[in-house]
Amino acid sequence: MYGTQSKRDLAFEYQAQVPILRPSIHARRANITVKFQDIYGFTVEGNVDDVNVLNEVREKVRQQGRVWWALEASKGANWYLETHVSSTLKSSLKFTALVNQITLKRLIRKGIPPNLRPKVWFAMSGAAKKKSTVPDSYYNDLTSAVVDKVTPATKQIDHDLPRTFPGHPWLDTPEGHAALRRVLVGYSFRDSDVGYCQGLNYVAALLLLVMKTEEDAFWMLAVLLENVLVNDCYTTNLSGCHVEQRVFKDLLTKKCPRLAAHLETLEFDVSLVCTEWFLCLFSKSLPSETTMRVWDVLFYEGAKVLLHTALAIFKMKEEELLLTYHVGDVINIIQKTTHHLFDPDELMTVAFDKVGFMMTTNISKQRKKQEPAVMAELDQRFRRLNSTGEENDK
Amino acid sequence: MASSGNKSINAKLVLLGDVGAGKSSLVLRFVKGQFIEFQESTIGAAFSSQTVAVDDATVKFEIWDTAGQERYHSLAPMYYRGAAAAIIVYDITNQASLERAKKWVQELQSQGNSNMVMALAGNKADLVDSRKVATEEAQAYAQENGLFFMETSAKTATNVNDIFYEIAKRLPRLQPAQNPSGMVLLNRPPAEKAAGASCCS
């Protein structure tokens, strides 16, 4: 059923296959939990309200598709590729590009229709450009050259293949495992500093589900790690991720001071939940279409989108979180919230309208500020552990 | 469960160990009584809680199940800081995983709380045919280092509840003098915790 060609239109097949669910009045009354498949084929558990929300989201996705098609009709196919304002353009063209740029930003925050995602992501993220700088055969050459190599990275990848979204109707098949393996192993040889870091398996798996080809998924992974995200998120000691946690902590203090102070008295460190968010780019926490909506904006606006999203999740539950007494309660509220965020617009509205504007340059400054402290802390820890190791070895 | 006179204790517990040793499976078995052959790999750490009743108290474990890959090591202190107990897990079919477990023990002994209850779990005990680590070897190591030791199987449930129950029994009961870092806290709001420096006042 999921042959080589099936990967191409996986998302739409799901859309076609999954009937609109109409919960019976009895189910509604009983408030029972039902299992259903979402548009990317993931089995989701939710109550009747969740199903209704998901049906509404499907309808919104269709409407949004019509908006994109209408724009293509009026502005021409690929209009969104011509948003770059270059100085060599004539002023009238410049104006058009600028208008397109503003339109595009707004449009992307409202969501890219699933069938346009592969094309739009590939173009606007810079993946297309990256791919164009190497010979056409790069991906095939790379994957066939490393097919029999065994490294710590490949061992870890093999271990994780059946543990990446187990039960998914395509990812958890021999074919799905093989595709995911080629992408991850290929990348581990492309960048030996990153090699393979657990978490990338989930990211690459979702990229495979969205992009039309395995090769494009590979390039999306490359552009993500090399250009979109902050440096060293996934390298040996995850220093980039540590920096991001600190930046986020400061942001939370600034944007939700009461909540930040409350969490501090509980000794709740935001990294307890943010680590997974930032390393899996929310793919393990949010429902799939909601994750995709975050990624839509991520590929266009950059890594600060992860901070916006994380902040929004805390902001949405601020009042409830202020009433907690235990770290465990905080975690439970956050987890329940993310698992049930079936309506992407709810999250996006808070993330970009309510949280307020954040200058990319300010965030970059914050990162620069935190880097030395993180490096010093990691270095100190490393030394301390090594010295205790030596003592014990004596 | 707990009768009215019983103490209620919240205890933070952390699971550490090599990748694929079965940390998440042990937690799943203990918390939900289930076993899944291919458990999603844990990123950062996963949180869950479960309560056990021992003779004189009800212990609510707040469990932090950590990621096993080496590079996640840099995050570990956040999870074992303030922990009342730790289960260090290795896989009996994998000698290297015991070596990694020993590294964790060393780290906890030097960085963790001195009162921490530590257990060594030799998991996958059902895979007797592929055993690489002798029970005696692990037992001897545990004894030398003041840990208690059990071979467990998340798959068959052997010793899983037992190891948590044993930890619950060994947790220091509220004795502030011996327990100044507040590792085991009474189930009450943090405002009081901050205000009352001494719990026996």
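- By the naming in an unreviewed UniProt entry, chain B goes by OLC1v1025246C1 and is assigned to Oldenlandia corymbosa var. corymbosa.
- In its Sequence similarities (unreviewed entry) section, the UniProt entry covering chain B states "Belongs to the small GTPase superfamily. Rab family."
- What the UniProt record of chain B gives under Function (unreviewed entry) is the line "Protein transport. Probably involved in vesicular traffic."

- An unreviewed UniProt entry annotates chain A as OLC1v1024940C1 originating from Oldenlandia corymbosa var. corymbosa.

**Here we look at the overall build of chain B**
Item 1. The helix and strand inventory of chain B stands at 6 helices and 7 strands.
Item 2. Helices (α) and strands (β) of chain B occur, in sequence order from the N terminus, as β-α-β-β-α-β-α-β-α-β-α-β-α.
Item 3. Residues counted as buried form 53% of the 201 residues belonging to chain B.

**Things to note about the confidence of the model for chain A**
Item 1. When the pLDDT values of chain A are averaged, the result is 87; 88% of them are 70 or greater.
Item 2. Contacts of residues 1-19 of chain A to residues separated by more than four positions or lying in other chains number 38 contacts, the stretch itself having pLDDT below 50.

**Describing the confidence of the model for chain B**
All names here are of chain B.
Item 1. Across chain B, pLDDT averages 86, with 84% of residues at or above 70.
Item 2. The model gives residues 175-183 a pLDDT under 50, and that stretch makes 12 contacts with residues more than four places away or in other chains.
Item 3. This complex was scored by the predictor with a pTM of 0.87 and an ipTM of 0.83.

**Looking at the packing of aromatic side chains**
Residue and element names in this part refer to chain A.
Item 1. Taken as a whole and assessed by the stated rule, the structure comprises 22 aromatic pairs over all chains.
Item 2. Measuring from centroid to centroid gives 6.5 Å for tryptophan 68 and tryptophan 79, while their planes differ by 45°, and the two rings are tilted. Here tryptophan 68, found in helix H3 (residues 48-75), pairs with tryptophan 79, found in the loop between H3 and helix H4 (91-110); they are 11 residues apart in sequence, far enough to count as distant. For the pair formed by tryptophan 68 and tryptophan 79, the shared burial category is buried.
Item 3. Centre to centre, the rings of tyrosine 139 and phenylalanine 218 are 5.0 Å apart; their planes meet at 45°, and the pair counts as tilted. Remark: phenylalanine 218 occurs in helix H11 (residues 214-228) and tyrosine 139 occurs in helix H7 (residues 138-145); sequence separation between them is 79 residues. Here tyrosine 139 matches phenylalanine 218 in class, with each residue buried.
Item 4. Sitting above the plane of the tryptophan 79 ring, lysine 75 keeps its charged end 5.5 Å from the centroid.

**Digging into the UniProt feature "domain: Rab-GAP TBC" (unreviewed entry) in chain A**
Item 1. Mapped onto the present numbering, the UniProt feature "domain: Rab-GAP TBC" (unreviewed entry) falls on residues 111-302 of chain A.
Item 2. End C-alpha to end C-alpha, residues 111-302 of chain A measures 16 Å, and it is 65% helix and 0% strand.

**A closer look at the nonpolar core**
Item 1. Within the largest apolar cluster, 149 residues are counted, with the highest numbers of intra-cluster contacts made by Trp121, Tyr234, Phe268, Trp295 and Phe314 of chain A.
Item 2. Ignoring anything within four residues of it in the chain, the contact list for phenylalanine 314 of chain A reads Phe248, Leu252, Leu259, Leu263, Phe268, Val270, Val273, Cys274, Trp277, Leu321 and Ile334 of chain A.
Item 3. Membership of the second largest hydrophobic core comes to 30 residues, among which are Val54, Val59, Ile63 and Ile87 of chain B.

**Regarding the pattern of salt bridges**
Item 1. Counting across every chain of the model gives 31 salt bridges over all chains.
Item 2. With a closest N to O distance of 2.6 Å, glutamate 377 of chain A and arginine 246 of chain A form a salt bridge. Placement of glutamate 377 of chain A in helix H20 (residues 360-393) and of arginine 246 of chain A in helix H12 (residues 239-255) is noted, with a sequence separation of 131 residues between them.
Item 3. In this structure glutamate 377 of chain A comes out as partly exposed when scored by relative accessible area, which is 38%.
Item 4. Residue classification places arginine 246 of chain A among the partly exposed residues on the basis of a relative accessible area of 27%.
Item 5. Residue lysine 102 of chain B pairs with glutamate 99 of chain B through a salt bridge whose shortest N-O separation is 3.8 Å. Pair noted here: lysine 102 of chain B and glutamate 99 of chain B are both in helix H3 (residues 95-111), with a separation of 3 residues, about one helical turn.
Item 6. Accessibility expressed as a relative area gives 36% for glutamate 99 of chain B, which makes it partly exposed.

**Here's the deal with the pairing of strand S2 (residues 45-54) of chain B**
Residues and elements named next belong to chain B.
Item 1. In this structure, S2 lies alongside strand S3 (residues 57-66), joined through 10 bridges in antiparallel fashion. Directly across from phenylalanine 47, in S3, lies its bridge partner tryptophan 64.
Item 2. In this antiparallel pair of consecutive strands, S2 and S3, the connection spans 2 residues.

**Focus on the interface of chain B and chain A**
Item 1. The interface is formed by 33 residues belonging to chain B together with 47 residues belonging to chain A.
Item 2. Here chain B and chain A share an interface that buries about 3200 Å² over both sides, 56% of which is from carbon and sulfur atoms.
Item 3. Broken down residue by residue, the surface that chain B buries against chain A is led by Ser41, Ile43 and Arg71 of chain B, which jointly contribute 21%.
Item 4. For the pair chain B and chain A, the number of links is 2 salt bridges.
Item 5. At the level of secondary structure, the elements contributing two or more residues to the side of chain B that touches chain A comprise S3, helix H2 (76-80), H3 and helix H6 (190-195) of chain B.
Item 6. Looking at the side of chain B that touches chain A, its residues break down into 13 nonpolar, 14 polar and 6 charged.

**A short note on the side chain of serine 271 of chain A**
Item 1. With respect to the helices, strands and loops of the structure, serine 271 of chain A is situated in helix H14 (residues 271-280).
Item 2. Setting aside residues up to four positions removed in sequence, serine 271 of chain A forms contacts with Gln245 of chain A together with Met78 and Tyr79 of chain B.

**Describing the domain arrangement of chain A**
All names here are of chain A.
Item 1. Domains assigned within chain A are domain 1 (7-125), domain 2 (129-226) and domain 3 (239-379).
Item 2. Each partner contributes residues to the interface: domain 1 has 13 residues there, and domain 2 has 20 residues.
Item 3. For the pair domain 1 and domain 2, the summed buried surface comes to about 1600 Å²; carbon and sulfur atoms form 72% of the total.
Item 4. For the pair domain 1 and domain 2, the interface holds 1 residue pair in polar contact (both at pLDDT 80 or more).
Item 5. Residue assignment for the side of domain 1 that touches domain 2 shows that the elements contributing at least two residues are helix H1 (10-17) and helix H5 (117-124).
Item 6. The element best represented in the side of domain 1 that touches domain 2 is H5, accounting for 4 residues.
Item 7. For the side of domain 1 that touches domain 2, a count of residues per class yields 7 nonpolar, 3 polar and 3 charged.

**Observations regarding the pairing of strand S1 (residues 34-37) of chain A**
All names here are of chain A.
Item 1. Pairing between S1 and strand S2 (residues 43-46): 4 bridges, direction antiparallel. Note on S2: the bridge partner recorded for glutamine 37 is threonine 43.
Item 2. Once S1 ends, the chain turns through 5 residues before running back antiparallel as S2, passing glycine 41 with a positive phi of about 90°.

Parameters at a glance
- Counting of residues starts from 1 at the beginning of each chain's written sequence and follows it residue by residue.
- Each chain gets a letter, beginning with A, and each ligand a number, beginning with 1, in the order they are written.
- Local features in this predicted model are restricted to residues whose pLDDT is 70 or higher, and side-chain atom pairs enter the listing and the counts only when it is 80 or higher, whereas totals over whole chains, interfaces and linings include all residues.
- Heavy atoms from the whole structure form the basis of all side-chain values; hydrogens and water molecules are not counted.
- UniProt positions are given in the numbering used here, feature names are shortened, and annotations may be inferred rather than shown by experiment.
- Put simply, DSSP H or I for four residues or longer makes a helix, DSSP E for two residues or longer makes a strand, and each gets a number counted from the N terminus.
- Exposed residues in this analysis have more than 50% of their type's maximum accessible area, buried residues have under 20%, and partly exposed residues fall in between, with area computed by a 1.4 Å probe over protein chains only.
- For every residue, the predictor states its confidence as a pLDDT score lying anywhere from 0 to 100.
- In this description, contact between two residues means that some pair of their heavy atoms is separated by no more than 4.5 Å.
- Stacked, tilted and edge-to-face pairs are distinguished by plane angle, under 30 degrees for stacked and over 60 for edge-to-face with tilted covering the rest, among Phe, Tyr and Trp rings (Trp via its six-membered ring) whose centres lie within 6.5 Å.
- Throughout this description, the term charge over a ring refers to an Arg CZ or Lys NZ atom that lies within 6 Å of the ring centre and within 35 degrees of the ring normal.
- In this description, a nonpolar core means a group of buried Ala, Val, Leu, Ile, Met, Phe, Trp, Tyr and Cys residues linked to one another through side-chain atoms lying within 4.5 Å.
- One side-chain nitrogen of Lys or Arg within 4 Å of one carboxyl oxygen of Asp or Glu is enough to make a salt bridge.
- For two strands to be treated as a pair, DSSP must find no fewer than two bridges joining them.
- Once two parts are put together, the accessible area they lose, assessed with a 1.4 Å probe and summed over both, is termed the buried area.
- Under the convention adopted here, Pro, Cys and the residues Ala, Val, Leu, Ile, Met, Phe, Trp and Tyr are nonpolar, Asp, Glu, Lys and Arg are charged, and Gly plus all remaining residues are polar.
- An automatic or database domain assignment supplies the start and end points of every domain.
- In the analysis that follows, any N or O atom pair within 3.5 Å is treated as a polar contact, provided that within protein one partner can donate a hydrogen and the other can accept it, and provided that, for residues neighboring in sequence, both atoms belong to side chains.

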